[in-house]
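So you can see what is in the structure, the chains are spelled out below.
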Amino acid sequence: MYRLNYLLTMIIELKKFGTTLISRQTGKEAFSALQSFLKDTKKNEIIEINFDGVLTFSPSWGDEFLTPLLNIYGNKLILKNTSNPSVEATIEILEKITGKNFSQN
Amino acid sequence: MESKEFYTTKELAGFLDISRVAVFKKIKKGDIKAQKMGRNFVIFKKDIGDIDVFSSNLFKLAKDWALSNKKFPDQFYCQNSGAFQARIATMGSLMIKNQDAKDLFSLLTSIAGEIGNNSYDHNLGQWPDTSGIFFGYDLNKKQIVLADRGLGMLHTLKRVKPELKDHEQALKVAFTEVISGRKPEGRGNGLKYVKSVIFKNPISLIFQTGDAKLILSGGSTDLDLKKVKENIRGCIALITY
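Residues numbered from 1 in each chain as written. Chains lettered and ligands numbered in written order. Predicted model: local features only at pLDDT ≥ 70, side-chain atom pairs only at ≥ 80, totals over all residues.

A. Focus on the interface of chain B and chain A. Listed per partner, the contact involves 20 residues of chain B and 19 residues of chain A. Elements represented by at least two residues in the side of chain B that touches chain A include exactly α6 (81–96), α7 (105–123) and α10 (190–200) of chain B. The greatest single-element share of the side of chain B that touches chain A, amounting to eight residues, is contributed by α7 of chain B. (Contact = placed C-beta atoms within 7 Å. Helix = DSSP H or I, 4+ residues; strand = E, 2+ residues; numbered from the N terminus.)

Next comes the structure, spelled out in structure tokens:
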């Protein structure tokens, strides 16, 4: 008998929330909007956040959106396409402040 | 802020800090596009369009407002955070197309966003007189200016750190310690972010609150903090790159 392990991944394209993601209010709103999608996630499902298309990112927005996701999903949260300088710099400071690391690929 | 469509020559002279005669000369030379209204010239806001006309005095306009609530052109005023978000997104998209700014646009937009949003977050529901911020930028002079007439950092941070004695201490704490003026909310990383971005990039910042002024120079880890004569109740920031 073979047993297949399926790795389910939920992909969140951040650009659908906007391309200039900088304020706490909009970060909070985006996190609230995400809740209806997250409630259907399965146990062990990977949450992939794709930054492709994001022009500007900031710690205020990131702290309202990424920090709670990191606290809930830990290493099941994966950040993708993070090469934008403001995304890189924001991830760095959020990691410093939370004392936790984001998984990236 | 008023909502009429034009400025009088007297108002424009005031904004530019030049005489009315100098404004007339600029109109005659064609530097400023004006139209006759009755016996007087008026300058339509749509004709000013970009900020070139004002650019040499951008920082002065902001400072005059922060110090004394002096009137300034509407196009720099963002009454609420929504108006600021829209304008800063426009700045970002203009920077992408600008030779001098395109490599740094995401970081410049991001740090200006943190500074501007800080003003709203810390003063929401508590603005002493005029709510909102001054936000102007000049891609030719490579500068971004933000100012508010809020409570200032000392007042805000004293809530969580009552031992703070003066503006200098408050300003230092704001840029070096992870502390939130809106505790118990977990905030307080914005200005540390601004500092770390500036340390690694060719960007400089002058930031003043109360009588304390901070200068951060691109690539340097020094915090140049000093006391100055003029006392600004809220905050003013000049970003150059």
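B. Representation of the sheet that holds strand β4 (residues 77–78) of chain B in the model. Residues and elements named next belong to chain B. With respect to topology, five strands assemble into an open sheet ordered β4-β5-β6-β8-β7, the strand pairing being antiparallel. In this open sheet, the two strands that pair with only one neighbour each are β4 and β7 (204–216). Here strand β5 (residues 133–138) runs beside strand β6 (residues 143–148); their pairing, made up of six bridges, is antiparallel. Opposite Phe 135, over in β6, you have Leu 146 as the bridge partner. Lying on the sheet, helix α5 (residues 58–68) is in contact with β5, β6 and β8 (224–240); it crosses β8 at an angle near 135 degrees. (Pairing = 2+ DSSP bridges. Axes fitted to C-alpha atoms, helices over the stretch in contact; angles between N-to-C directions.)

C. Quick look at the packing of α6 of chain B against α7 of chain B. Residue and element names in this part refer to chain B. At a minimum axis distance of 10 Å, the contact between α6 and α7 shows a crossing angle of 165 degrees. Taken together, α6 and α7 sit at an angle that is classed as roughly antiparallel. In the crossing of α6 with α7, the sense of the turn from one axis to the other is right-handed. Side by side, α6 and α7 meet where Ser 81, Phe 84, Ile 88, Met 91, Gly 92, Met 95 and Ile 96 of the first sit next to Phe 105, Leu 108, Thr 109, Ala 112, Gly 113, Gly 116, Asn 117 and Tyr 120 of the second. Of the residues assigned to the contact of α6 with α7, the class counts are nine nonpolar, six polar and no charged. (Parallel < 35°, antiparallel > 145°, perpendicular 65-115°, else oblique. Left-handed = near helix turned anticlockwise from the far one by under 90°. Nonpolar A, V, L, I, M, F, W, Y, C, P; charged D, E, K, R; others polar.)

Scope: geometric values only; no functional claims are made or implied.
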